[in-house]
Amino acid sequence: MKHMIARREWSYFVVMALAAMTHGCQGEQGETGMDDAADSTASEADTSADSEDTEPADVSDEAALPAAGSLPEALGSAWPGASSLEPNEASVTAKDAPLGVTNNLSITKGDEDWYRVVVPARTVARVGIEMNHAAGDLDLVAYDAQGRLLGSRNGAEYPYTFRGQETNTEYYGFYSEDGGAVYYVRVLGHAGATNKYSLRVDHYSYVDGQTCTGAGFSLADCDGRGSSGSGLIPFPFPDPSDSLGNAYNFASYSNYRFARRELVMLVRHALAETREAFPGTKPLSLIDICQMDGVTPGYDIGDPRHPQSTHDQGGNIDIAYFQTDGANDAEIVCNDGASHADGYCTSAAAKKHIVDLPRQAFFMAKLFASSRTRVIGTDTVLAPLIRGAAQALAALPAGDRRKISQSELSAFSNRLAYGSGWPYHHHHIHLSLQWLNQGNARAGEATALSAPAPFLGPGAQDAEGDPKPQMSNSMQAPGEAVDSLDMAWPPRP
Ligand SMILES: [Zn+2]
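Figured I'd write up the structure that's included with this text. For clarity, every value in this text was computed on a predicted model and none was experimentally measured. (Residues numbered from 1 in each chain as written. Predicted model: local features only at pLDDT ≥ 70, side-chain atom pairs only at ≥ 80, totals over all residues. Heavy atoms only, no water.)

**Some points on the overall build of the chain**
Spelled out, the test is: Helix numbers and strand numbers start at the N terminus; a helix is a DSSP run of H or I with at least 4 residues, a strand a run of E with at least 2. In this scheme, a residue with accessible area under 20% of its type's maximum is buried, one over 50% is exposed, and one in between is partly exposed, where area comes from a 1.4 Å probe on protein chains only. Residue contacts follow a heavy-atom distance rule, with two residues in contact if any of their heavy atoms lie within 4.5 Å. Exposure was quantified through the Shrake-Rupley algorithm and a 1.4 Å probe, taking into account, for residues, occlusion by the shown protein chains and nothing else.
Tallying secondary structure elements over the chain gives 7 helices and 19 strands in all. When the 493 residues of the chain are sorted by exposure, 58% land in the buried category. In the chain, once contacts between residues fewer than 6 apart in sequence are set aside, the share between residues at least 24 apart is 78%. Summed over all atoms, the accessible surface of the chain reaches about 18600 Å², with 50% contributed by carbon and sulfur.

This is the structure:
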């Protein structure tokens, strides 16, 4: 199944690419001086631990679904038979996931649990499991109503062997515009692991729209303030049947998809506008956003993926470039033949790149249209090309759906960030909304945040002999252990 294979390679590639991007957003810190570590909204980051040695999965294949023919091959024979304990081992008999917390659930040997999620109208359902990961490595996997795989912790594949981002929690977001959309989640042990778990379902009101407060939400509901992470919502899977359609996919771990409501709305709105103005627009990859607790991705496992605090507060997201081949995925877009060890396109990329400039400029114009957008970071060589494309869009005759306004155009001069402080944005753009003055998730830490250390340039070599940048210890938050980062460079296909 060609698609699945490509997807799996792509996911691995994303893992490596994201590891390479841990310096990717350091420019923002120097600009803003985020000195506002005030009230804490954070819960402690989950700690992951090594899973115990377990026996191979003991599953049988006798269960069948009405829609089994549409199941991805990756699922293969992983449909277990009925268990005497629970009648919810396959989606056809899945129990409805109750709202709130259900404790004392368990996966026993050879067991797996399925739950049905029916999402009310204008609601994002956050569905997840919590466990003591050290006692048994459970996975949560998401499927649509037809049994098609939507995603796992590790991007959009299952099963997977990569275990680098495992924690005590696993959450997904599901949205239904009209209400009644059906999803399934599946709980099972990795490599035969068993464990207890609790299931948690929370509902957050949500509606698409140009602005969050304009849609009737309070500013606090929009900008993510709230206790215990409740202020951030999981960026939901796209629903191909709603008015936005299949507009995006996730090139990141499920734990790193938490965002302010206003960010989810803005990105979905900008995508909707782009798809309307540019028919045939292919799905765009969304990369790291934020942890559920408001902290920058990777701190949950002591392996930060970005400079300290650059993705805090759920108001920052890395997004792939729109590309001329329609892949729109998380990859280097320079196409200039360089090794990109320093994280930038070379000047040759001004003539040779794969950015779909009109579409990219239009999408960014719609992101800039929000007064909540603080800055968008891009590569320094690509920035003037994108600005030029924006000028061309602004010069289109009235009535052209792709025309952008003068105020949108002006943002390409005063809110477009690039330059030596923005390495790795030859791979993605970084959208940053206004920082909050309170509610910083890190306020409980001993010392205030400081700006990330300067980029140190190429250092050691990775396993393939390619150069990789060095990680400065000063990117470490107080009290946090940071492993040496295993960085690699995403190869051009
Ligand atoms: Zn970023």
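There's plenty left to go through after this.
**Some thoughts on the sheet that holds strand β1 (residues 95-96)**
We count it as follows: Strand pairing is defined by DSSP finding a minimum of two bridges between the two strands.
Spatially, β1-β3-β8-β5-β6 is the arrangement adopted by the 5 strands of the open sheet, whose pairing is mixed. Since the sheet does not close on itself, it has two edges, and those belong to β1 and β6 (149-151), each with one partner. Direction of pairing for strand β5 (residues 138-144) relative to β6: antiparallel, over a ladder of 2 bridges. Considered in β6, the bridge of A142 is made with G151.

**Focus on the environment of F362**
Checked against the element boundaries, F362 lands in helix α5 (residues 357-368). For F362 and L271, which are 91 residues apart along the polypeptide, the C-alpha to C-alpha distance reads 9.7 Å. Residue contacts for F362: discarding those within four places in its chain leaves E273, T274, A277, F278, L393, R401, R402, K403 and I404.

**A word on the nonpolar core**
Operational definition: Here, nonpolar core refers to any group of buried Ala, Val, Leu, Ile, Met, Phe, Trp, Tyr and Cys residues whose side-chain atoms link them within 4.5 Å.
Counting residues in each nonpolar core, the largest one holds 96 residues, and the members touching the most others are F174, Y197 and F412. When residues no more than four places from it in sequence are discounted, the contact partners of F412 are A361, M364, A365, F368, I386, R387, A390 and I404. With 9 residues, the next largest nonpolar core counts A94, W114, V141 and Y158 among its residues.

**Brief notes about the pattern of salt bridges**
Our working definition: Salt-bridge detection follows one rule: a side-chain nitrogen of Lys or Arg within 4 Å of a carboxyl oxygen of Asp or Glu.
Counted under the stated rule, the structure contains 20 salt bridges. As a salt-bridge pair, R126 and D202 come within 2.9 Å of each other at their nearest N and O atoms. In this pair, R126 sits in strand β4 (residues 123-130) while D202 sits in strand β9 (residues 195-205), placing the two residues 76 residues apart along the sequence. A relative accessible area of 3% means that R126 is categorised as buried. Where E273 meets R401, a salt bridge forms, and the shortest distance between an N and an O atom there is 3.3 Å.

**As for helix α7 (residues 406-414)**
Going by this rule: In this context, the arc is that of the directions from the helix axis out to the C-beta atoms.
Regarding α7, the residues found buried are E408, L409, A411 and F412. With its buried residues spanning 145° around the axis, α7 presents them on a single face. In α7, the exposed positions that point more than 90 degrees away from the buried face belong to Q406, S407, S413 and N414. Lining the buried residues of α7 we find α5, α6 (382-394) and β16 (416-417).

**Some details on the packing of α5 against α7**
For clarity, the threshold we go by: Fitting a line to C-alpha atoms yields each axis, with helices limited to the stretch in contact; the angle taken between N-to-C directions then spans 0 to 180 degrees. By definition in this entry, angles of less than 35 degrees are roughly parallel, angles greater than 145 are roughly antiparallel, angles of 65 to 115 are roughly perpendicular, and the rest are oblique.
At a minimum axis separation of 9 Å, α5 and α7 run at an interaxial angle of 95°. The orientation of α5 relative to α7 falls into the category roughly perpendicular. Where α5 abuts α7, its residues A361, M364, A365, K366 and F368 lie against E408, A411 and F412.

**Focus on the state of the cysteines**
Let me state the cut-off plainly: By convention in this document, the label disulfide applies to cysteine sulfur atom pairs within 2.5 Å.
With the rule as written, the count across this model stands at 2 disulfides. Two residues, C212 and C222, share a disulfide whose sulfurs are 2.1 Å apart. For the disulfide bridge between C212 and C222, the dihedral angle about the S-S bond is near -95°, and by the sign convention the bridge is left-handed. Of the two residues, C212 sits in the loop between β9 and α3 (219-223) while C222 sits in helix α3, which places them 10 residues apart along the sequence. By relative accessible area, C212 is classed as buried at 7%. In this model, C334 is linked to C345 through a disulfide, with the two sulfur atoms separated by 2.1 Å. Taking the sign of the S-S torsion, -80° for the link of C334 and C345, the bridge is left-handed. In this pair, C334 sits in the loop between β14 (316-319) and α5 while C345 sits in the loop between β14 and α5, placing the two residues 11 residues apart along the sequence. The pair formed by C334 and C345 is uniform in burial state, with each residue classed as buried. Disulfide connectivity for the chain, with bonded cysteines indexed by sequence position, reads 1-2, 3-4.

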